[in-house]
Amino acid sequence: MGPIDYIVVEFPGNRMTGEGLPILVDLVDRGLIRILDLLFVRKDEDGSVVGMEIADFDGDGALDLAVFEGASSGLLGEDDIEEAGKALEPGNSAGILVYENVWAAPFAAALRRGGAQLVASGRIPVPAVLAALEETEAA
């Protein structure tokens, strides 16, 4: 199995355009990632957080995420929904995506066979990388 990651993506004003969905489907189709969980939450103006069903987010009459309907490994629980809700502004919604980096599985397996162990991992936020690159260019 490859490394497992998660992202929480906030949609201000509950506006989900669906523009990123074809790219997500392409990543799955090309075998780069495997969706383990996909869940949507909404934070109401009173601060309450509720789960949302997969729906027609862009209003075109078709289920936008039908390809992911039923994608639930059981990794996400009510505590994860509440935790995601803490990051949201009232009146906004979010998608919670848990995915396996399938592309990395053969590499990770080869390392393990050779006795290697992962001792640290992390992620550098894209804005930090862009700022560092801009700073380097300016120098």
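Residues numbered from 1 in each chain as written. Predicted model: local features only at pLDDT ≥ 70, side-chain atom pairs only at ≥ 80, totals over all residues. Heavy atoms only, no water.

## A closer look at the sheet that holds strand β1 (residues 4-11)
For step 1, the next point in the chain: Strands sit in the order β1-β4-β2-β3 across an open sheet of four strands; the sheet is antiparallel. Among the strands making up the open sheet, the edge pair consists of β1 and β3 (49-52). Taken pair by pair, the neighbouring strands of this sheet meet at an average axis angle of 25°, ignoring direction.
For step 2, the next point in the chain: Two strands pair when backbone bridges link them, and strand β2 (residues 34-43) and β3 are joined in this way by four bridges, in the antiparallel orientation. Residue pairing in the sheet places Lys 43 in a bridge with Val 49 of β3. (Pairing = 2+ DSSP bridges. Helix = DSSP H or I, 4+ residues; strand = E, 2+ residues; numbered from the N terminus. Axes fitted to C-alpha atoms, helices over the stretch in contact; angles between N-to-C directions.)

## Some remarks on the pattern of salt bridges
For step 1, the next point in the chain: Applying the stated rule across the entire model yields five salt bridges.
For step 2, the next point in the chain: The residue Arg 30 makes a salt bridge to Asp 26 at a minimum N-O spacing of 2.9 Å.
For step 3, the next point in the chain: Put simply, Glu 100 and Arg 34 hold a salt bridge, and the shortest N to O gap is 2.8 Å. Pair noted here: Glu 100 is in strand β4 (residues 93-100) and Arg 34 is in strand β2, with a separation of 66 residues, a long-range link.
For step 4, the next point in the chain: Glu 100 gets classed as buried once you look at its relative accessible area, which sits at 6%. (Salt bridge = Lys/Arg side-chain N within 4 Å of Asp/Glu carboxyl O. Buried < 20%, exposed > 50% of the residue type's maximum accessible area, 1.4 Å probe, protein only.)

## What about helix α2 (residues 78-87)?
For step 1, the next point in the chain: For α2, the full list of buried residues reads Ile 81, Ala 84 and Gly 85. Looking straight down α2, one finds its buried side chains confined to an arc of 105°; they lie on one side. For α2, the exposed residues lying more than 90 degrees away from the buried face are Asp 79, Lys 86 and Ala 87.
For step 2, the next point in the chain: The inward-facing, buried residues of α2 abut β1, β2, β3 and β4. (Arc of directions from axis to C-beta. Contact = heavy atoms within 4.5 Å.)

## A short note on the nonpolar core
For step 1, the next point in the chain: Counting residues in each nonpolar core, the largest one holds nine residues, listed as Met 16, Leu 24, Ile 33, Ile 35, Leu 38, Phe 40, Met 52, Leu 97 and Tyr 99.
For step 2, the next point in the chain: Sorting the residues of this core by element identifies β2 and β4 as the ones contributing at least two each.
For step 3, the next point in the chain: Judged by nonpolar contacts, the second largest core, of seven residues, contains Val 41, Ala 84, Leu 88 and Ile 96. (Core = buried A, V, L, I, M, F, W, Y, C linked by side-chain atoms within 4.5 Å.)

## Quick word on the side chain of Asp 5
For step 1, the next point in the chain: Counting through the fold element by element, Asp 5 comes out in strand β1.
For step 2, the next point in the chain: Within the local environment of Asp 5, its side chain forms a polar contact with the side chain of Asn 101, the two groups lying 2.8 Å apart.
For step 3, the next point in the chain: Excluding its chain neighbours within four sequence positions, the residues that come into contact with Asp 5 are Leu 97, Val 98, Tyr 99, Asn 101 and Arg 123. (Polar contact = N/O pair within 3.5 Å; in protein donor to acceptor, adjacent residues only side chain to side chain.)

## Overview of the environment of Gly 47
For step 1, the next point in the chain: Mapping Gly 47 onto the fold places it in the loop between β2 and β3.
For step 2, the next point in the chain: For the pair formed by Gly 47 and Glu 89, sequence separation is 42 residues and the distance between their alpha carbons is 8.3 Å.

## Points about the pairing of β4
Consecutive residues of a regular strand have side chains that alternate between opposite faces of the sheet.
For step 1, the next point in the chain: Among the eight residues in β4, eight count as buried, and that is most of the element.
For step 2, the next point in the chain: What you see with β4 is no split at all: Ser 93, Gly 95, Leu 97 and Tyr 99 on one side and Ala 94, Ile 96, Val 98 and Glu 100 on the other are buried throughout.
For step 3, the next point in the chain: Pairing of β1 with β4 involves eight bridges; the strand directions are antiparallel. Along β4, the bridge assignment pairs Phe 11 with Ser 93.
For step 4, the next point in the chain: Examined bridge by bridge, β2 and β4 share eight bridges and lie antiparallel to one another. Residue Phe 40 lies in a different strand from β4, and its bridge partner there is Gly 95.

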